[in-house]
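Next come the chains, spelled out residue by residue.
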Amino acid sequence: MNRYIINGGKPLHGEVVIGGAKNAALGIIAGAILTDEPVTIENLPDVSDINVLLDAIRGIGATVERIDAHKAVICGKTINSVVVNSEVIQKIRASYYLLGALVGKKGKAQVAMPGGCEIGARPIDQHLKGLRALGVKCDENDAENCIYASVTNLHGSGIFLDVASVGATINIMLAAVLAKGTTTIENAAKEPHIVDVANFLNSMGARIKGAGTDVIRIFGVESLKGTEYTVIPDQIEAGTFMCAVAAAKGDVTLKNVIPRHLEAISSKLEEIGVTVTESEDGTEVRVVSDVNARLGASTVRTRVYPGFPTDMQPQITVVLMLGDGDSTVYETIFENRFRYVDELVKMGAEIKVKNNETAKIHGVEAVHGTHIDVPDLRAGAALTIAALAADGQTVMDWIDYIERGYEDFDGKLRGIGADIVKETVNDIEEA
Ligand code: EPZ
């Protein structure tokens, strides 16, 4: 287990370079195996979820050459197995993308049931509904905790998603690009990573239109070719640093961002008194939170893009916990995303969660360092922000969750003046 020790109360100053989007890169890595030609991916984040997926495709025979921490060349020509069923892959959500990609490439797949953060029930019925519409036979095997999929005639179809699921939209795109005929996904997810995966697949020769809108059309092609592609900047990593500056105060410029992807976050922060300015060339945002002024209160509802992202809900709650007045945060996407609130209450926050859906926040002037545990990835980022803004020292256990999705989080925070160190706690001490 790893832990952070954070001495809070230090305003943040300087520059942070934002990495590639984890959730786009996961779809892109799965898509890369659809061709037999080499695919070069740049701006890959060096985080554990990505490394697990790269290991998983190695495990089915793909070659993965890691040129450096952020660049890999993947070749799917050597894939010799359709069985993705290891202890490791069950830890990540994106294992399900190998279902869509392998049925597209090989006509069959056996993939372990997806894992990932425990933030709700997270069913995959919409993935399976979409794949079945394309002619794929999908059987869930509870005893083996995996899904068997096979298809003899992968064909285009019309699919209306009951929920605008990010994962289902990407999975269906992955399977449909090599299907015969046209696939239409209605009520498709519109997140920036959907557009990025579609752009990537199109750069391989796929014909996907409408990504970023409610209706995506995929015109199946015979085969795909190799490409070189750069992953978009991570909207959530950028948003997390914006909230860190808002709560801990200071003046920080975030480099390598797409400000348009950050609008829901920027406008909420501006509403409560943070200054957010976009650079003229549209690749940076500067975030200023006055050390002498208390932020205001607000209401936040998580929504699918372009609404306020559920992956930023814990971070904005931490900002509002220190605001002047009463705020409300509604989580509308996942059923179990307030588990971190108990830890904030230990630090002195006044937050009550109702029905796991609504957090009623009474802003406090200060919170105080203590010993806390990280329950999941984004919650871990939010608790780190709370510790940076707190008086005194916070010891945060189980920060391994954070490393699933943030590259060198502590190093980047130290670079802007945070007093944070990472420690590895050995098993004997843990026991
Ligand atoms: C993706 O998860 C992201 N993960 C999540 O990021 C993110 O929180 C989420 O999208 C929403 O933006 C990856 O990209 C790997 P969904 P995903 O399918 O695809 C319901 C992070 O912190 N649903 O859009 O699993 C579901 O229960 C992670 O980086 C169904 O009912 O999310 C949820 O209520 C956490 N049936 C809603 O839809 C389905 O078949 C949205 O889920 C699929 C989903």
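Sequence positions are assigned chain by chain, starting from 1 and proceeding in written order. Local features in this predicted model are restricted to residues whose pLDDT is 70 or higher, and side-chain atom pairs enter the listing and the counts only when it is 80 or higher, whereas totals over whole chains, interfaces and linings include all residues. Side-chain measures here rest on the full set of heavy atoms in the structure, leaving out hydrogens and waters.

Enquirer: Account for the overall build of the protein, naming residues and giving values.
Expert: Strands here are runs of E lasting at least two residues and helices are runs of H or I lasting at least four, both read from the DSSP assignment and numbered beginning at the N terminus. Along the protein, the regular secondary structure elements total 14 helices and 24 strands. Here the C-alpha atoms of the protein give a radius of gyration of 22 Å, agreeing with the 22 Å that 2.2 N^0.38 yields for 431 residues. For the protein, the C-alpha atoms occupy an extent of roughly 65 × 50 × 45 Å along the three principal directions. Looking at the protein as a whole, 58% of its 431 residues qualify as buried. Each radius of gyration reported is based on C-alpha atoms, and the globular scaling rule is 2.2 Å times the count of residues to the power 0.38. In this scheme, a residue with accessible area under 20% of its type's maximum is buried, one over 50% is exposed, and one in between is partly exposed, where area comes from a 1.4 Å probe on protein chains only.

Enquirer: Lay out the site of the ligand with the relevant residues and their values.
Expert: Around the ligand, the structure places 23 residues, and the nearest of them are Gln126, Ser165, Asp311, Ile333 and Arg378. Pairing of N or O atoms within 3.5 Å defines a polar contact, subject to two protein rules: one partner must be a possible hydrogen donor and the other a possible acceptor, and residues neighboring in sequence count only if both atoms are side-chain atoms. Contact distances for the ligand include 3.0 Å between an oxygen atom and a side-chain N or O atom of lysine 22. Within the backbone of proline 123, an N or O atom sits 3.2 Å from an oxygen atom of the ligand. Coverage of the ligand by the protein chains reaches 90% of its 820 Å² of free accessible surface. Elements represented by at least two residues in the shell around the ligand include exactly α1 (22-32), α4 (125-133), α5 (166-176) and α11 (377-389). Gly counts as polar in this scheme, as do all residues outside two lists: the nonpolar Ala, Val, Leu, Ile, Met, Phe, Trp, Tyr, Cys and Pro, and the charged Asp, Glu, Lys and Arg. When grouped by side-chain class, the residues that make up the shell around the ligand number 10 nonpolar, six polar and seven charged. Looking at which domains feed residues into the shell around the ligand, each of domain 1 (2-16 + 233-430) and domain 2 (82-222) gives three or more. The cutoff for a nearby residue is simple: one of its non-hydrogen atoms must lie within 4 Å of the molecule or strand. Calculation of accessible area relied on Shrake-Rupley with a 1.4 Å probe; when residues are assessed, cover is drawn exclusively from the protein chains displayed. Each domain span listed reflects an automatic or database assignment of domains.

Enquirer: Which residues make up helix α7 (residues 235-248), and what values do they have?
Expert: The first and last C-alpha atoms of α7 sit 20 Å apart over 14 residues, in line with the 20 Å expected at 1.5 Å per residue. In terms of burial, α7 is largely enclosed, as 14 of its 14 residues are buried. At the C-terminal side of α7, lysine 249 shows a positive phi close to 75 degrees. To estimate how far a helix should extend, the number of its residues minus one is multiplied by 1.5 Å.

Enquirer: Outline the packing of α7 against helix α8 (residues 263-271), listing residues and values.
Expert: As a rule, the C-alpha atoms of each element are fitted with a line to give its axis, helices using only the stretch in contact, and angles between N-to-C directions run from 0 to 180 degrees. Across the interface, α7 lies against α8 with an axial gap of 10 Å and an inter-helix angle of 10 degrees. As judged from the angle between their axes, α7 and α8 are roughly parallel. Listed contacts from α8 to Gln235, Gly239, Met242, Cys243 and Ala246 of α7 are Ile265, Ser266 and Leu269. The class makeup of the residues in the contact of α7 with α8 is five nonpolar, three polar and no charged. Should an angle fall under 35 degrees it is called roughly parallel, over 145 degrees roughly antiparallel, and 65 to 115 degrees roughly perpendicular, with every other angle called oblique. In this description, contact between two residues means that some pair of their heavy atoms is separated by no more than 4.5 Å.

Enquirer: Explain the sheet that holds strand β1 (residues 2-7) to me, using residue names and the numbers behind them.
Expert: What makes two strands pair is DSSP finding at least two bridges between them. Pairing is mixed in the open sheet, where four strands are placed in the order β22-β23-β1-β24. Taken across any chain shown, the strands that pair with only one partner, and hence form the sheet edges, are β22 (371-373) and β24 (419-424). Sheet twist, expressed as the mean angle between neighbouring strand axes with direction ignored, is 20 degrees. Direction of pairing for β1 relative to strand β23 (residues 393-397): antiparallel, over a ladder of five bridges. Paired with asparagine 7 across the strands is glutamine 393, a residue of β23.

Enquirer: Outline the domain arrangement of the protein, supporting the account with residue identities and numerical values.
Expert: By a widespread convention, an interface's size corresponds to the accessible area lost as its parts come together. When the domains of the protein are assigned, the result is domain 1 (2-16 + 233-430) and domain 2 (82-222). Computed from C-alpha coordinates alone, the two centres of domain 1 and domain 2 are separated by 32 Å. Taken together, the 12 residues of domain 1 in the interface contact 13 residues of domain 2. Carbon and sulfur atoms supply 60% of the area that domain 1 and domain 2 bury against each other, a total of about 1,100 Å² over both sides. A quick way to say it: buried area is the sum, across both parts, of accessible area lost when two parts are put together, with a 1.4 Å probe. The three residues of domain 1 that bury the most area against domain 2 are Tyr305, Phe334 and Arg404, which together make up 43% of that side's buried surface. One side-chain nitrogen of Lys or Arg within 4 Å of one carboxyl oxygen of Asp or Glu is enough to make a salt bridge. Summed over the shared surface of domain 1 and domain 2, the number is zero salt bridges.

Enquirer: An account of the pattern of salt bridges is requested, with residue identities and associated values reported.
Expert: Taken as a whole and judged by the stated rule, the model has 21 salt bridges. Between aspartate 251 and arginine 286 there is a salt bridge, with the nearest N and O atoms lying 2.7 Å from each other. Here aspartate 251, found in strand β15 (residues 250-255), pairs with arginine 286, found in strand β17 (residues 284-289); they are 35 residues apart in sequence, far enough to count as distant. Classification of arginine 286 as partly exposed rests on a relative accessible area of 39%.

Enquirer: An account of the sheet that holds strand β2 (residues 12-17) is requested, with residue identities and associated values reported.
Expert: Read from one edge of the open sheet, four strands run β2-β15-β17-β16, paired in mixed fashion. Each end of this open sheet is capped by a strand with a single partner; those strands are β2 and β16 (275-278). Taken over all neighbouring pairs, the strand axes of this sheet differ in orientation by 10 degrees on average, direction set aside. With six bridges joining them, β15 and β17 adopt antiparallel strand pairing. For leucine 254, the partnering residue across the bridge sits in β17 and is valine 285.

Enquirer: Now, about the packing of aromatic side chains: what can you tell me, with residues and values included?
Expert: Only the six-membered ring of Trp is used, alongside the rings of Phe and Tyr, when aromatic pairs are assigned; centres must lie within 6.5 Å, and planes under 30 degrees apart are stacked while those over 60 apart are edge-to-face, with the rest tilted. If you walk through the whole model with that rule in mind, you get five aromatic pairs. Look at phenylalanine 338 and tyrosine 340: their rings are 6.3 Å apart centre to centre, the planes differ by 40 degrees, and that puts the pair in the tilted class. Neither phenylalanine 338 nor tyrosine 340 differs from the other in exposure class; each is buried. The interplanar angle of 40 degrees and the centroid separation of 4.8 Å between the aromatic rings of tyrosine 406 and phenylalanine 409 together place this pair among those described as tilted. Each member of the pair, tyrosine 406 as well as phenylalanine 409, carries the same accessibility label: buried. These aromatic residues form a ring-pair network of at least three members: Phe241, Tyr406 and Phe409. By definition here, charges over rings are those cases where NZ of Lys or CZ of Arg is within 6 Å of the ring centre and within 35 degrees of the ring normal. Sitting over the ring of tyrosine 330, arginine 301 keeps its end group 4.2 Å from the ring centre.

Enquirer: Explain the pairing of strand β4 (residues 63-68) to me, using residue names and the numbers behind them.
Expert: The side chains of a regular strand alternate between the sheet's two faces. As paired strands, β4 and strand β5 (residues 71-75) are joined by five bridges and run antiparallel to one another. When the bridges of β5 are listed, threonine 63 appears paired with cysteine 75. Counting the residues that bridge the hairpin from β4 to β5 gives two residues.

Enquirer: Please set out the environment of isoleucine 79 residue by residue, giving values where relevant.
Expert: Within the secondary structure layout, isoleucine 79 lies in the loop between β5 and β6 (83-84). With 298 residues separating them along the chain, isoleucine 79 and leucine 377 place their C-alpha atoms 31 Å apart. Those residues in contact with isoleucine 79 that lie beyond four places of it in its chain are Ile33, Ile60, Gly61, Ala62, Leu102, Lys105 and Lys106.

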